[in-house]
Amino acid sequence: MSRKTIDIQEISNQFEKDILILLEEKEKYVYGDIIKDLKLSARKGQVLISSLISKGLVKRVDQTSYLKLNVEIN
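Residues numbered from 1 in each chain as written. Predicted model: local features only at pLDDT ≥ 70, side-chain atom pairs only at ≥ 80, totals over all residues. Heavy atoms only, no water.

(A) Region of interest: the overall build of the protein. Within the protein, the regular secondary structure consists of 3 helices and 5 strands. Going through the 74 residues of the protein one by one, you find that 35% of them count as buried. For the protein, the share of sequence-separated contacts (at least 6 apart) that also reach a separation of at least 24 residues comes to 55%. In the form shown here, the protein has an accessible surface area of approximately 4900 Å², with 47% of it arising from carbon and sulfur atoms. Looking at the protein, you have 13 positive and 11 negative side-chain charges, and the mean spots of the two groups are 6 Å apart. (Helix = DSSP H or I, 4+ residues; strand = E, 2+ residues; numbered from the N terminus. Buried < 20%, exposed > 50% of the residue type's maximum accessible area, 1.4 Å probe, protein only. Contact = heavy atoms within 4.5 Å. Areas by Shrake-Rupley, 256 points an atom, 1.4 Å probe, with all protein chains shown as cover. Lys, Arg positive; Asp, Glu negative; His and termini not counted. Charge placed at Lys NZ, Arg CZ, Asp CG, Glu CD.)

Next up, the structure:
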């Protein structure tokens, strides 16, 4: 099954774009490392990542703290 493709330019929130770009560069990323590498507060990082998960753009890897893209980025 092929994944949905999104245009990164259609994402209005720059922090969400940054998270998607990080996940595109690495196959999977630890939840806390995303927050640390982008220098986000823990709360802001949680809100952004939860938003991306609820939009279906990012998903958890099994029951771990790893996240990965759930879409292809154009």
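(B) Here's a closer look at helix α3 (residues 42–54). Over its 13 residues, α3 runs 18 Å from end to end, which matches the ideal 18 Å to within 8%, given 1.5 Å per residue. Contacts from the buried residues of α3 go to α1 (14–25), α2 (31–37), β3 (58–60) and β4 (66–69). Following α3 by one or two positions, G56 adopts a phi angle in the positive range, close to 80°. (Expected span 1.5 Å × (residues − 1).)

(C) The arrangement of unusual backbone geometry in detail. A positive phi angle is found at K39, which is not glycine, with a value near 55°. Among the secondary structure elements, K39 is positioned in the loop between α2 and α3.

(D) Layout of the packing of aromatic side chains. The final tally for this structure, using the stated rule, is 0 aromatic pairs. Of note, K26 hangs over the ring of Y29, and the distance from its end group to the ring centre comes to 4.4 Å. Positioned over the ring face of Y66 is K28, at 4.5 Å from the centre of the ring. (Phe/Tyr/Trp six-rings, centres within 6.5 Å; stacked < 30°, edge-to-face > 60°. Lys NZ or Arg CZ within 6 Å of the ring centre and 35° of its normal.)

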